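# Examination of the molecular architecture
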Amino acid sequence: MNRLLVFLSFLGISNCFMTPSQRYLNTLKKFDNDDDNYFFLEDNNNTKPIGVRVIIPQSNFNQTNFENFKSQLNLNLNVNKKSQNFNLESNIDLNFNDVGGYDKIKKEMLQVSDILLNSEKYAKFNVRTPKGLIFEGPPGNGKTLLAKAFSGTVNASFIPVSGSEFQEKYVGIGAARVRELFKLAEENKPCIIFIDEIDAFGRKRSSDTESSGAERDSTLNVLLVKLDGYKKTNGVFLICATNRVDLLDPALLRPGRIDKKIYIGHPDKKTRFEILKIHMTGKNIETNIDMDYLTEITCSMSGAEIENLINESMLSALRDNREMISFNDIENVLNKSLVGWKETESIFSTDMIKRIAVHEMGHALSGLLMKDHAKLSRVYLNNLSPNNPGYTVFETDEIDANIFTKEKLFAHLVVLLSGRNAEKLFFNKSVTTGAMKDFEQAYKLAEDMIIKYGMGDYDIYTFTSDRSKDIIDKNIFDLLEKANNKSFQILDNCKNILDDLSDLLIEKNKLHRRTIELKIYRKLPKLLSTLY
């Protein structure tokens, strides 16, 4: 192959109209006796010919100009940085310092990088180099972010791909792309491959002869071979991410291919605090905003939702020509994410607004006075909500978050029924449809308590006879009746406070727990010490 010889020199505008051979001859004539003023830039470490040789006068050499010339002539001296379908990212300006919290996961991943980069340290202990790991968990919690930050931390090349990129209607395309992906990674070691939504082609292999399933199986088979055929220290590491790890083929998840499975759930209190600090950087925030309180109200939110909360709060402030985020900005954005938002307000009569306020204060007071229930946070009247003109927010407990006692579930059952009971207490039988969702949740919870959790007369029930069904129905009815009576007892003891607080809610449109507790303390202090 003939090699192209390009000369870059300051020869004047007229040279632009010469043919390459004419410019070449003129350059040789002009600098024939002055070869020391020129040097050659070639990739001597690459056995493959670059195809271009650049000659620049040393007296005028400037690295910045050279980079500009190189980009204009498309002279990329670093070859194999992309393939036909995949691009390789290097010099990533993201590391673990840009990821808030998740310290244990970072520590686990850093050990993997240490094994990859310092194999001699682990060789004497006969440690096998991990070939891959998989992130599983709900969306928005940083699976992709952690993978990219890991690549930037260990200073390795990074190839991000999606599982859907391996799905095509033509047979063999997916398998060919897997080979292409790993070939690109092997040419740029050390390299990290990140496959997002691996379940797109890593699902359990089908047993039928359906063509679409056969194509997906063929793609998965190539991936399995690539993972199984590696040597111990080949410099390529695979990271996968999915929301449905239960759909994946067991052969993909076995040790030796995917050695580590890491669940990334919603961030805990410490991680939320770190996420808030990162996303508040560069934003002006009023000094009265309590970071600890922000950490509490963002409980059960994903990292992406927390980032969106702060970002939308800043945009809300800028829309009002303010340069500082206020707590009202944060609260308004939080409410929009909880119950939605519409342009026009819902129109209610004075009587209906009173009923809504009484209903919500029934939930709030029963939740506040039930010792086994989650802590009350705030109560709202919101005419801009599409479906919920009133709602009560309770804080999510992080302690014992996954296992519940019978008393805790019963307390929640009482709170669900207290909205309708508050209406009955003030309006007798003239009730509204606002309790529809409360009843649905209450019945489902009572049914689960009896059938699934064994909290009725018997631990286990059969469904083979009408007698068993009658027993189950009776247990569910008795449980709901008991919760209903407890709800009436609580609300009847604080009827006057409920009336005052509902009027205050109509006036203010929102009440925080501290305001409610202060009102109770001033009017009926004994009530706060009487927990049910």
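Thresholds, definitions, all that
- Residues numbered from 1 in each chain as written.
- Predicted model: local features only at pLDDT ≥ 70, side-chain atom pairs only at ≥ 80, totals over all residues.
- Heavy atoms only, no water.
- Salt bridge = Lys/Arg side-chain N within 4 Å of Asp/Glu carboxyl O.
- Helix = DSSP H or I, 4+ residues; strand = E, 2+ residues; numbered from the N terminus.
- Buried < 20%, exposed > 50% of the residue type's maximum accessible area, 1.4 Å probe, protein only.
- pLDDT = per-residue confidence, 0-100.
- Contact = heavy atoms within 4.5 Å.
- 1 Å grid on protein atoms, 1.4 Å probe; cavity = no way out; pocket = protein on both sides within 12 Å on 5 of 7 lines; lining within 4 Å.
- Points joined across faces, edges and corners; volume = space filled by probe spheres on them.
- Nonpolar A, V, L, I, M, F, W, Y, C, P; charged D, E, K, R; others polar.
- Polar contact = N/O pair within 3.5 Å; in protein donor to acceptor, adjacent residues only side chain to side chain.
- Axes fitted to C-alpha atoms, helices over the stretch in contact; angles between N-to-C directions.
- Parallel < 35°, antiparallel > 145°, perpendicular 65-115°, else oblique.
- Expected span 1.5 Å × (residues − 1).

The tally for this structure, following the rule as stated, stands at 18 salt bridges. Between D351 and R355 there is a salt bridge; the shortest N-O distance is 2.9 Å. Taken together, the residues D351 and R355, both in helix α13 (residues 350-369) and 4 residues apart, mark about one turn of the helix. The salt bridge involving D500 is made with K523; its shortest N-O contact spans 2.1 Å. Within this pair, whereas D500 is found in helix α17 (residues 495-508), its partner K523 is found in helix α18 (residues 513-523), the two being separated by 23 residues in sequence. Take K523: its relative accessible area is 46%, and that puts it in the partly exposed class.

This next bit is on the confidence of the model for the protein. Predicted coordinates in regions of low pLDDT should not be interpreted in detail. Looking at the protein, pLDDT values average 80 and 82% of them are 70 or higher. Long-range and interchain partners of residues 1-17, a stretch whose pLDDT sits below 50, account for 29 contacts in this model, where long-range means more than four residues apart. Contacts of residues 66-79 to residues separated by more than four positions or lying in other chains number 15 contacts, the stretch itself having pLDDT below 50.

This paragraph deals with the layout of surface pockets. Each pocket or cavity is described by its volume, and for the largest pocket that value is around 1500 Å³. Lining the largest pocket we find 49 residues, and of these Y391, T392, L416, D438 and Q441 sit closest to its centre. Mapped by element, the contributors of at least two residues to the lining of the largest pocket are α10 (291-297), α12 (327-339), α13, β9 (376-381), β10 (390-394), α14 (406-427) and α15 (436-451). Its residues placed into classes, the lining of the largest pocket shows 21 nonpolar, 16 polar and 12 charged.

Before going further, it helps to spend a moment on the side chain of N382. Its place among the elements puts N382 in the loop between β9 and β10. Taking the relative accessible area as the measure of exposure, N382 reaches 16% and is therefore buried. At a separation of 3.0 Å, a polar atom in the side chain of N382 contacts the main-chain amide nitrogen of L384.

Our next topic: the packing of α14 against α17. Relative to each other, α14 and α17 sit at 100°, their axes nearing to 12 Å. Judged by the inter-axis angle, α14 sits roughly perpendicular to α17. Contact residues: A422, L425 and F426 in α14; K495, L498 and D499 in α17. In terms of residue class, the contact of α14 with α17 is made up of 4 nonpolar, no polar and 2 charged.

Let us now look at helix α16 (residues 466-493). Its 28 residues place the ends of α16 41 Å apart at the C-alpha level, agreeing with the 40 Å of an ideal helix rising 1.5 Å per residue. Every buried residue belonging to α16 is among S468, I471, I472, N475, I476, L479, A483, N484, S487, I490 and L491, and all of these are buried. The elements touched by buried residues of α16 are α13, α14, α15 and α17.

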